[in-house]
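Each chain, letter by letter, is given below.
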Amino acid sequence: MGFVSVLLEIIGFGVGIPFGLIIGYFIFIYKEPQDVKVPIIRPLRDLDSDSLLDLLDEMPLWVKTSDYDRAEWLNKFICDMWPYLDKAICGIIRSTTEPIFAEYIGKFQIKSIDFETLSLGILPPIVHGIKAHETNENELSLEPAIRWAGNPNILLVLKLSSLRITLQLTDLQISMVPRIVLKPLVPTFPCFANVVVSLMEKPHVDFGLKLLGGDIMAIPCLYQFIQKTIRRQVASLYLWPQTLEMPILDSLVATVKKPVGLLHVKVVRAHKLLKKDILGASDPYVKLSLSGERLPAQKTSIKMKTLNPQWNEDFKLIVKDRRSQVLQLHVYDWEKVGIHDKLGMQVVPLRLLTPNVTKELTLNLVKNRNPNDPHNKKYRGQIVVEITFNPFKEDNERFSAVLNEKVRKDSGSERATEDVHLPPSGAGLLLLVIQSAEHVEGKHHNNPYATVLFKGERKNTKLIKKTRYPCWNEEFEFMLEEAPVKEKIHIEVMSKRKSFGFSFKESLGHVDIDLVDVVHNDHINKKYNLIRSKHGVIHVELRWKVT
């Protein structure tokens, strides 16, 4: 009898405990709380000190700090637009998830996965304050403090062979401070090409999740686990310096094309050119240029009285779009008087070139680029060129190179520490952008323009009349054979006025900039005080690019 009672106790314990846990689980997750009370709303003056301390975290940032501004106008705009934003966002969610769900249909006996209801609710997010950052970069940076206590109704239905499983998201609460950067600013509506978003701190996310009608977030420890997992995943994706970049305008239309590399062209020779001179020879030379550029074409030397010239001359051209640009080669017969005769031409699409690989090409000269022109069937000789495209190193590549060198040094290399910081040697491109100037004032007139003097070459911006705050935003390029670590660039703001056919110039201030910092840092964007100017300031951006 004693053995039977012990056996029954063991069986009762083994069956009763799991059965009791299952019953308790369903009672726990399905039971709705009955003690929920409507909060009492009272004015702040009626609250005691402890209640006020509890409310400090809920106060908007524009109350706590002057860096943030109120955004009631923005909240009104979001409130009025929310019904339409709700439908638009839900439409994007449906279109994005449909192909993902389609991959699982037919697997694991899944018949369908679909949203039975999908709505973000009637309560819009609220901006508790907004801060704008002033930078020297070509961008607009905002930091809104967003809180959303929403009432979404999102019901996902999973249909198995004979089972219908529902998963419902309710009572969503989000608090975050994203940094929204509109960049670069471009002269094409809406005047910015991309929206870059990053989180400045880990967001707070809280929500209810019902499985088969029961609130699984009420299960002890599961709620904390899900909260921690979501915050960690969101932080790994979007917490600064990680970013989410959303293109607004097409890159070919919106962005101002920047140099992406150097094209090295060696014009080697030509043979069997057309005879243009009376004595049965020609005086050939070659013009080189890239399509889409307004810069004057570069020229080889003139080889007198020959149909098989040898040049072996090197040229460097700045590439801004390797996908669409072509190298244009035009061969001319030099004439001492009159128009130079065309001997032929040819083009080389840059997209056919492999980066950092020299390619020798023997090209048949034609009259023009029209393949249907019968004149192109006439033999006009050949030209031989060697072409190499060297792309510029991106900033992150150069940073990684320096970092790897530092790691190699720390692991036992004999290189000195200061060697890691040596500037890159070799040819490169110096980009100068003169953005604007402030408080420039002349004694007799204010028609400012900027003049740049570097290595004996002088370049001028456009003249803007009658202003003390000119905005030029003009870019100048200087191709150099070596890094300008010992060079300075001279920038002077001038004013010019014409009267009775005479020009009167006046200096409004100048600045000399050492380029060694640009070489070491790759990029400098700052405002300089003008020398010999009372309050004048000029905004300059400098970049050094190497291959």
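Residues numbered from 1 in each chain as written. Predicted model: local features only at pLDDT ≥ 70, side-chain atom pairs only at ≥ 80, totals over all residues. Heavy atoms only, no water.

Draft legend 1. Structural context of the pattern of salt bridges. With the rule as written, the count across this model stands at 16 salt bridges. In this structure, Glu-143 engages Lys-131 in a salt bridge whose closest nitrogen and oxygen atoms are separated by 4.0 Å. Of this pair, Glu-143 sits in strand β3 (residues 140-149) while Lys-131 sits in strand β2 (residues 126-133); the two residues are twelve residues apart in sequence, bridging distant segments of the chain. Neither residue differs from the other here; Glu-143 and Lys-131 are each classed as buried. One salt bridge in this structure joins Lys-316 and Glu-481, with 3.2 Å as the shortest N-O distance. One end of the pair, Lys-316, is in strand β14 (residues 310-319); the other, Glu-481, is in the loop between β22 (471-480) and β23 (488-499), with 165 residues separating them in the sequence. Of the residues examined, Glu-481 reaches a relative accessible area of 57% and is grouped as exposed. By sharing partners, the salt bridges in this structure join Lys-131, Glu-143 and Arg-179 into a single network. (Salt bridge = Lys/Arg side-chain N within 4 Å of Asp/Glu carboxyl O. Helix = DSSP H or I, 4+ residues; strand = E, 2+ residues; numbered from the N terminus. Buried < 20%, exposed > 50% of the residue type's maximum accessible area, 1.4 Å probe, protein only.)

Draft legend 2. Structural context of the nonpolar core. Ranked by internal contacts, the top residues of the largest apolar core, which has 31 residues, are Leu-430, Leu-432, Ile-434, Phe-478, Ile-491 and Ile-538. Broken down by secondary-structure element, the contributors of at least two residues to this core are β19 (428-438), β20 (448-454), β22, β23, β24 (502-514), α8 (516-521), β25 (523-529) and β26 (537-546). Here the element with the most residues in this core is β26; it accounts for five residues. Not counting chain neighbours up to four residues away, the residues in contact with Ile-538 comprise Ile-434, Ser-436, Ala-437, Ile-491, Val-493, Val-511, Lys-526, Lys-527, Tyr-528 and Leu-530. If you look at the next biggest cluster of nonpolar residues, it comprises 28 residues, including Leu-290, Phe-315, Leu-327 and Leu-361. (Core = buried A, V, L, I, M, F, W, Y, C linked by side-chain atoms within 4.5 Å. Contact = heavy atoms within 4.5 Å.)

Draft legend 3. Seen up close, the environment of Ser-141. Here Ser-141 shows up in strand β3. A relative accessible area of 4% places Ser-141 in the buried class. Spatially, the C-alpha atoms of Ser-141 and Arg-179 are 7.0 Å apart, while their sequence positions differ by 38 residues.

Draft legend 4. A look at helix α4 (residues 72-102). The terminal C-alpha atoms of α4 lie 43 Å apart, and with 31 residues this matches the ideal 45 Å at 1.5 Å per residue to within 8%. Its maximal kink placed at Trp-82, α4 deviates by approximately 60°, while the proline Pro-83 follows within four residues. Buried within α4 are the following residues: Leu-74, Asn-75, Ile-78, Trp-82, Asp-86, Cys-90, Thr-97 and Phe-101. (Expected span 1.5 Å × (residues − 1). Bend = angle between axes of the 7 residues up to and from the residue.)

Draft legend 5. Molecular detail of a nonpolar patch on the surface. Judged by side-chain polarity, Phe-77, Met-81, Tyr-84, Leu-85 and Ile-89 come together as a nonpolar surface patch covering roughly 480 Å² of accessible area. With respect to the helices and strands, the residue Ile-89 is situated in helix α4. You can call Ile-89 partly exposed: its relative accessible area is 34%. (Patch = residues over 30% accessible without salt bridge, like charges linked within 9 Å, V, L, I, M, F, W, Y side chains within 5 Å. Areas by Shrake-Rupley, 256 points an atom, 1.4 Å probe, with all protein chains shown as cover.)

Draft legend 6. Expanded view of the pairing of strand β8 (residues 204-211). Across seven bridges, strand β5 (residues 164-176) lies against β8 in antiparallel orientation. Bridging from a neighbouring strand, Gln-168 pairs with Lys-210 of β8. One ladder, built from two bridges, connects β8 with strand β9 (residues 214-215); its direction is antiparallel. Counterpart to Lys-210 in the pairing with β9 is Asp-215. Between β8 and β9, which follow one another and run antiparallel, lie two residues, and Leu-212 among them has a positive phi close to 55°. (Pairing = 2+ DSSP bridges.)

Draft legend 7. Representation of the sheet that holds strand β12 (residues 284-290) within the structure. Taking strand neighbours across the sheet as the criterion, the four strands line up as β13-β12-β15-β16 in an open arrangement whose pairing is antiparallel. Each edge of the sheet is formed by a strand with only one pairing partner; in this case those strands are β13 (298-299) and β16 (341-349). Of the strand pairs in this sheet, β12 and β13 are connected by two bridges, and their pairing is antiparallel. Along β13, the bridge assignment pairs Leu-288 with Gln-298.

Draft legend 8. Here's a closer look at the confidence of the model for the protein. Residues at a pLDDT of 70 or more form 84% of the protein, whose mean pLDDT is 82. The element-level mean pLDDT for the protein is lowest in helix α7 (residues 395-410), coming to 49, with β20 highest at 95. Here residues 413-422 scores under 50 on pLDDT; set against residues more than four positions off or in separate chains, the count is twelve contacts. (pLDDT = per-residue confidence, 0-100.)

Draft legend 9. The arrangement of a positive patch on the surface in detail. A surface patch of like charges, here positive, comprises Lys-202, Lys-228, Arg-231 and Arg-232. Along the chain, Lys-228 falls in helix α5 (residues 222-238). Accessibility expressed as a relative area gives 58% for Lys-228, which makes it exposed. (Lys, Arg positive; Asp, Glu negative; His and termini not counted. Charge placed at Lys NZ, Arg CZ, Asp CG, Glu CD.)

Draft legend 10. Representation of the packing of aromatic side chains in the model. In the structure shown here, the tally under the stated rule is four aromatic pairs. With 5.7 Å between their ring centres and 70° between their planes, Trp-82 and Trp-148 make a pair best called edge-to-face. Taken as a pair, Trp-82 in helix α4 and Trp-148 in strand β3 lie far apart in primary sequence, 66 residues in all. For Trp-82, a relative accessible area of 6% translates into the label buried. The cationic tip of Lys-287 hangs over the ring face of Tyr-332; the distance from NZ or CZ to the ring centre is 5.4 Å. The ring centre of Phe-478 lies 4.4 Å from the NZ or CZ of Lys-459, which sits over that ring. (Phe/Tyr/Trp six-rings, centres within 6.5 Å; stacked < 30°, edge-to-face > 60°. Lys NZ or Arg CZ within 6 Å of the ring centre and 35° of its normal.)

Draft legend 11. Local environment of α5. The terminal C-alpha atoms of α5 lie 24 Å apart, and with 17 residues this matches the ideal 24 Å at 1.5 Å per residue to within 8%. In the core, the buried residues of α5 are packed alongside β8.

Draft legend 12. Geometry of the sheet that holds strand β21 (residues 457-460). One open sheet accounts for four strands, arranged β21-β20-β23-β24; its pairing is antiparallel. The two strands at the open ends of the sheet, each matched to only one other strand, are β21 and β24. When the angles between neighbouring strand axes are averaged without regard to direction, this sheet yields 25°. With six bridges connecting them, β20 and β23 associate as antiparallel partners. Looking at β23, one finds that Pro-448 is bridged to Ser-495. (Axes fitted to C-alpha atoms, helices over the stretch in contact; angles between N-to-C directions.)

Draft legend 13. Layout of the environment of Asn-473. Positionally, Asn-473 belongs in strand β22. For the pair Asn-473 and Thr-461, spaced twelve residues apart in the sequence, the C-alpha separation amounts to 8.8 Å. The residues touching Asn-473, leaving out its near neighbours within four places in the chain, are Val-433, Ile-434 and Gln-435.

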